[in-house]
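Examination of the molecular architecture
Residues per chain, in single letters:
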2 protein chains.
Amino acid sequence: MPGEQQEGGRFGVASSPTVEEAADLLKRLIDGSSMVVAAGFCSSQYEGRGASVSTEGDKLLIVKPGGAVILHGPRGFRPLNWQPNTSHTEVSVEKGTLTMKFYRRTPREVLTITCSRVWYIAWVRFPEEGAFWMYMTEDDLRRAVASNPRELLGEDIRFFAEEKRTPTGKADLYGVDGEGNIVIVEIKRVKADESAVRQLEGYVRDYPTQARVRGILVAPDISDTARSLLESLGLEFRRVDLKKAYSLMKSGRGSRRSVLDFL
Amino acid sequence: MPGEQQEGGRFGVASSPTVEEAADLLKRLIDGSSMVVAAGFCSSQYEGRGASVSTEGDKLLIVKPGGAVILHGPRGFRPLNWQPNTSHTEVSVEKGTLTMKFYRRTPREVLTITCSRVWYIAWVRFPEEGAFWMYMTEDDLRRAVASNPRELLGEDIRFFAEEKRTPTGKADLYGVDGEGNIVIVEIKRVKADESAVRQLEGYVRDYPTQARVRGILVAPDISDTARSLLESLGLEFRRVDLKKAYSLMKSGRGSRRSVLDFL
DNA sequence: CTCTGAATTTCGTGC
DNA sequence: GCACGAAGTTCAGAG
């Protein structure tokens, strides 16, 4: 006998359902209104942009109201298979095996999950979504640098564009230094690597002027290989202290109210 | 009364536990041997490389045997918060509130989850891991191109290095064309964009020779902006058909046994 | 350890 | 829709 099924309630659980019971439940639950979890002994197959197969094992299936499908194995942080959203779902039982097919339109792909046993199915109906804020993003750091060039870059630069798409680039900051040189700044909130240098070099190269253009990479750190590439390209690096940047941002006038105030 | 708790079995479920019961269960279950799921009305807070807060709402917590922690909200594919692995876990109850803290050593970060209600807790003990294969990766495509330059690139190129780190680059393929020119090939299994062009340009520029070096970008497609950047840099683009590449790879001698054979 | 680049990357933003 | 770049990216492989 499967466990209690308070289907009328806000949430529910079915323990040890038969595959037929599981299929019935899933058909009713996967309607965009519930956060559903199913655990069982399953295999999977994906085909679309890539392709993969997994053999039978304990799996955890999550289906969210928005249509996201996530299949986890016992190890690792990332799912074995997933579908960020689905346009169509099929649930069926044949010869004692539960099969679920999740289709996505663009890109065209399909995830098939086959279960010989289902350990449990659990769900929450009409889940309530809390608010979410993140901070210490690259955007935050960019604003701090733009407003405090002297403190964070060690010189006065007048910035005239942020994140603006110029003819062939979209660098973080465009400005003019004390001697009238164009300065392009690329910002990373993590240690800068070669690709960050290449990114900056592209922006500097593509800037439409004959005059000299300075390129400054701003990050809390830089890898050795990135530094030598940077120097060979005549670009500059400025180390930035994240904590200092955020305290400047927080204290600075004109800074929008921050989630930092909550903590 | 909480639901059945077959704690001796391979899996189990507790429906509507009190926060005290939930804490007891979680303390016992989060020992690296179980795949645990808990749903409840919770808030979260993260601090480490970045920082975030979420307010109370329905959340789904997953703790895997390897120590991965994943917290999902009702929407979206990606978790609200996570910890790829944890070095230490604390579970406590205070004033009717369940608090879980997940610590990670490197990088130093902590995820705190606070629940006023727990809808259910479900678990699978000693979950069995199936095998997993993926194919149609960039590696597959690279091998196909390396073995079939005439069919896929339209010319004979003798490749002498794959994925080799040369003085300042690590391009996909290094070879020599019919006229003795060095050829550097960068491969993308998805549509190539500007960053792919910059990547290739870096490899070509850094190749230690005075002689002319050809750079060829191989991908199923290329964006317009990437194409014009590529042409302005004197680089080449070769469209490649993924299906053709994989059929060549599969039929070619010397190809390791593929998961394609399963389907 | 660090560094590099892939990923079914996903996700947001701007056009 | 396409294009570009951030992400608490994670992850694997090489050094």
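Here we summarise the structure given alongside this text. (Residues numbered from 1 in each chain as written. Chains lettered and ligands numbered in written order. Predicted model: local features only at pLDDT ≥ 70, side-chain atom pairs only at ≥ 80, totals over all residues. Heavy atoms only, no water.)

1. Examining the pairing of strand E4 (residues 69-72) of chain B
Residues and elements named next belong to chain B. This is how the line gets drawn: Relative accessible area decides the class of each residue, using a 1.4 Å probe on protein chains only: under 20% of the type maximum gives buried, over 50% gives exposed, and in between gives partly exposed. Comment: elements are numbered from the N terminus, with helices defined as DSSP H or I runs of at least four residues and strands as E runs of at least two. In short, DSSP must find at least two bridges between two strands for them to pair.
Here E4 shows no split at all, with Val 69 and Leu 71 on one side and Ile 70 and His 72 on the other all buried. Across four bridges, strand E3 (residues 51-63) lies against E4 in antiparallel orientation. Residue pairing in the sheet places Leu 61 in a bridge with Leu 71 of E4. Where E3 folds back on E4, the antiparallel hairpin that results is connected by five residues, among which Gly 67 adopts a positive phi of roughly 100°. Sheet topology places E4 next to strand E5 (residues 81-83); three bridges connect them, and they run antiparallel. In the sheet register, Ile 70 faces E5, and the bridge partner there is Trp 82.

2. Let's talk about the state of the cysteines
Residue and element names in this part refer to chain A. The condition that has to hold: Criterion for a disulfide: a pair of cysteine sulfur atoms at a distance within 2.5 Å.
What the rule picks out here adds up to two disulfides over all chains. Note on cysteine connectivity: Cys 42 is disulfide-linked to Cys 115, with sulfurs 2.3 Å apart. Here Cys 42 and Cys 115 share a disulfide; its torsion about the S-S bond, 95°, makes the bridge right-handed. Residue Cys 42 is located in strand E2 (residues 34-47), and its partner Cys 115 is located in strand E8 (residues 109-125); the two are separated by 73 residues in the primary sequence. Judged by its relative accessible area of 3%, Cys 115 is buried.

3. Notes on the relation of the copies chain A and chain B
Rule in force here: Alignment of copies: least-squares fit on C-alpha atoms of residues with pLDDT of at least 70 in both copies.
Relative to chain B, chain A is turned by 180° and slid 0.0 Å along the rotation axis, the superposed coordinates differing by an RMSD of 0.1 Å. Accordingly, the operation relating the two chain copies is best matched by a two-fold axis. Closest approach to the rotation axis within chain A is made by the C-alpha atom of Arg 198 of chain A, at a distance of 3.2 Å.

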